[in-house]
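Inside the fold
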Amino acid sequence: MIRRKSQKDLELEFAQAWQQDYTRLFHDVARALTSTLELEIVLTTVMTKMAQVFQPERWSMMLVDKEKNDLFYAIAAGEDSNSLRGLRVPMGEGVAGWVASTGNPIVVPDTTIDPQWQDFSKRNPSLNIQSIACVPVRSSEGVLGVIQLLNSKVDLLSDFSIQFLRVLCDFSAIAIRNAADMKRIHLLSITDDCTGLFNARHLYTLLEEQLSRTDKAPFSLLFMDLDHFKSVNDTHGHLVGSRLLAEMGEMIRGVIGPDMPAFRYGGDEFVVLLPNHDRLQGREMAMRLFRALRERSFLEDKGLSLRLRGSFGMATYPDDALTVEGIIKAADDMMYHVKGTTRDNLAIAGLGSIMKDGELNLRESKVRSVAAPAREHVALPAGSHRD
């Protein structure tokens, strides 16, 4: 005699089948999480698995930008998803902004029967929203982002499905934290801790990238060495010297802006890489830095007013060299040329020193008459050729 399965047995089999599906999904997501540190790959895997379960018309993941206090779309899929890319949502505004600022989820199975969301849908008919599920992605440091599902089967969510959604959010949080940690570690490995500029090792990496560009665009390389910097350490101590170098880094970044990388090459020697700058454009930027150094008083907040001068050398690709070593040597040779002759000058490969001794003396008198600092540091000659 064949026993008919009871309703309870059927429900149990259905639940077991769902659990098996969820287990496979968890396995796929966990494998992605442990096989790569590429944030977009992991998050795309998480969101794809989520979409398989909840089948939304549109879904997106937005990440929090703490510096700008808003959210940006990291991943978006579905209807009109392309229009979302590049858009930013202020913290606290809209559904995603509210969820990110409060850390509370919003689940609206049917916007037509909820007075608040019924009014929202009427005011925004182009969105065509019937249901909303927006949940925060949290870590111990707070909300990292939000996951938003529009027009999904949220009315059919079981307790197990909701738990599945929470676990996927946890996976997302792990991926975001891993990516942030790796970015932080990488940044530390290429940054000089005294000045905040990049280190010399990263210079070689970026130069290789410049030379590998298919368009072979020109670029210039500028070397700067502070004249008689050793006398600053001898007179005021190494702590003051380190603070001055840090202020020098701030000055360089302020002049060149965020799109051009600067490096502490070693000691009191700095390098600026000028992408897409030919010889003429490179000379203009080099002169801006040269003037900025001559006009700057350092460590005024420490009760000092130190004035520095520098020896500058510049070379341009492809005019002066075609290799990493060649372009570095060409710029470095120009800087050495200034150090060995006038100091306080700019020399450009193929042109030589830009200013003559008389011009330098005239500029020096103008700077002194205008600035007239209370305690001006007068650098003393040092024995080192490089100093």
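Residues numbered from 1 in each chain as written. Predicted model: local features only at pLDDT ≥ 70, side-chain atom pairs only at ≥ 80, totals over all residues. Heavy atoms only, no water.

What about the environment of A286?
We apply this condition: To qualify as a helix, a DSSP run of H or I must reach at least 4 residues; to qualify as a strand, a run of E must reach at least 2; elements of each kind are numbered from the N terminus. Burial here depends on accessible area, computed with a 1.4 Å probe over protein chains only, as a share of the maximum for the residue type. Under 20% is buried, over 50% is exposed, and the range in between is partly exposed. Between two residues, a contact is recorded if the distance between any of their heavy atoms is within 4.5 Å.
With respect to the secondary-structure elements, A286 resides in helix α9 (residues 279-295). Accessibility expressed as a relative area gives 0% for A286, which makes it buried. When the C-alpha atoms of A286 and A347 are compared, they prove to be 9.8 Å apart, with 61 residues separating the residues in sequence. With residues up to four places along the chain from it excluded, the contact list for A286 reads L222, F312, M314 and L346.

Describing the pairing of strand β10 (residues 269-275)
Heads up, the condition is: Two strands pair if DSSP finds at least two bridges between them.
For β10, the buried fraction is high: seven of the seven residues fall into the buried class. Burial of β10 is two-sided: the residues E269, V271, L273 and P275 facing one way and the residues F270, V272 and L274 facing the other way are all buried. Pairing analysis gives seven bridges linking strand β8 (residues 219-226) to β10, with the strands arranged antiparallel. Note on β10: the bridge partner recorded for L221 is L273.

Some remarks on the packing of helix α8 (residues 238-256) against α9
In plain terms, the rule: A fitted line through C-alpha atoms represents every axis, and for helices the fit uses only the stretch in contact; the resulting angles, taken between N-to-C directions, go from 0 to 180 degrees. Oblique is the label for any angle not covered by the other classes, which are roughly parallel (under 35 degrees), roughly antiparallel (over 145) and roughly perpendicular (65 to 115). Two helices cross in a left-handed way if the nearer one is turned anticlockwise from the farther one by less than a right angle. They cross in a right-handed way if the turn is clockwise. Lys, Arg, Asp and Glu make up the charged group, whereas Ala, Val, Leu, Ile, Met, Phe, Trp, Tyr, Cys and Pro make up the nonpolar group; the residues left over, Gly among them, are polar.
Between α8 and α9, whose axes approach to 10 Å, the crossing angle comes to 140°. When the axis of α8 is compared with that of α9, the two are oblique. Our pair here, α8 against α9, has a crossing hand that is right-handed. For the pair α8 and α9, contact is made by M248, M251, I252, V255 and I256 and by M285, R288, L289, A292 and L293, respectively. Along the lines of polarity and charge, the residues of the contact of α8 with α9 split into nine nonpolar, no polar and one charged.

A short note on α9
The line we're drawing: By this rule, a helix spans an expected 1.5 Å times one less than how many residues it contains. We define a polar contact as two N or O atoms separated by no more than 3.5 Å, with the added condition that, inside protein, one atom must be a possible hydrogen donor and the other a possible acceptor, whereas residues neighbouring each other in sequence contribute only through side-chain atom pairs.
End to end, α9 covers 24 Å across 17 residues, agreeing with the expected 24 Å (1.5 Å per residue, within 8%). Those residues of α9 lying buried are G282, M285, A286, M287, L289, F290, A292, L293 and R294. Among the residues of α9, the N-terminal cap falls to D278, whose side-chain oxygen and the backbone nitrogen of L280 are separated by 3.2 Å.

A short note on the nonpolar core
Worth spelling out the cut-off: Among buried residues, those of type Ala, Val, Leu, Ile, Met, Phe, Trp, Tyr and Cys that are joined through side-chain atoms within 4.5 Å constitute a nonpolar core.
Ranked by internal contacts, the top residues of the largest apolar core, which has 37 residues, are I252 and L289. Elements supplying a minimum of two residues to this core: β8, α8, β10, α9, β11 (310-317) and β12 (345-348). Top contributing element to this core by residue count: α8, with eight residues. Sequence-distant contacts of L289, defined by excluding residues within four places in its chain, comprise L222, M224, M251, I252, V255, I256, V272 and F312. With 24 residues, the next largest nonpolar core counts A51, M61, V137 and I147 among its residues.

Quick look at the sheet that holds β11
The strand order across the open sheet formed by seven strands is β7-β9-β10-β8-β11-β12-β13, and the pairing between neighbours is mixed. At either end of the open sheet lies a strand with only one pairing partner, and these are β7 (198-199) and β13 (352-353). Across two bridges, the pairing between β12 and β13 is antiparallel. Pairing of A347 across the sheet is with S353, part of β13. Along the sheet, helix α6 (residues 200-211) makes contact with β7, β8, β9 (262-266), β10 and β11, crossing β9 at roughly 130°. The strands touched by α8 within the sheet are β8, β9 and β10, with β10 carrying the most contacts at an inclination of about 15°.

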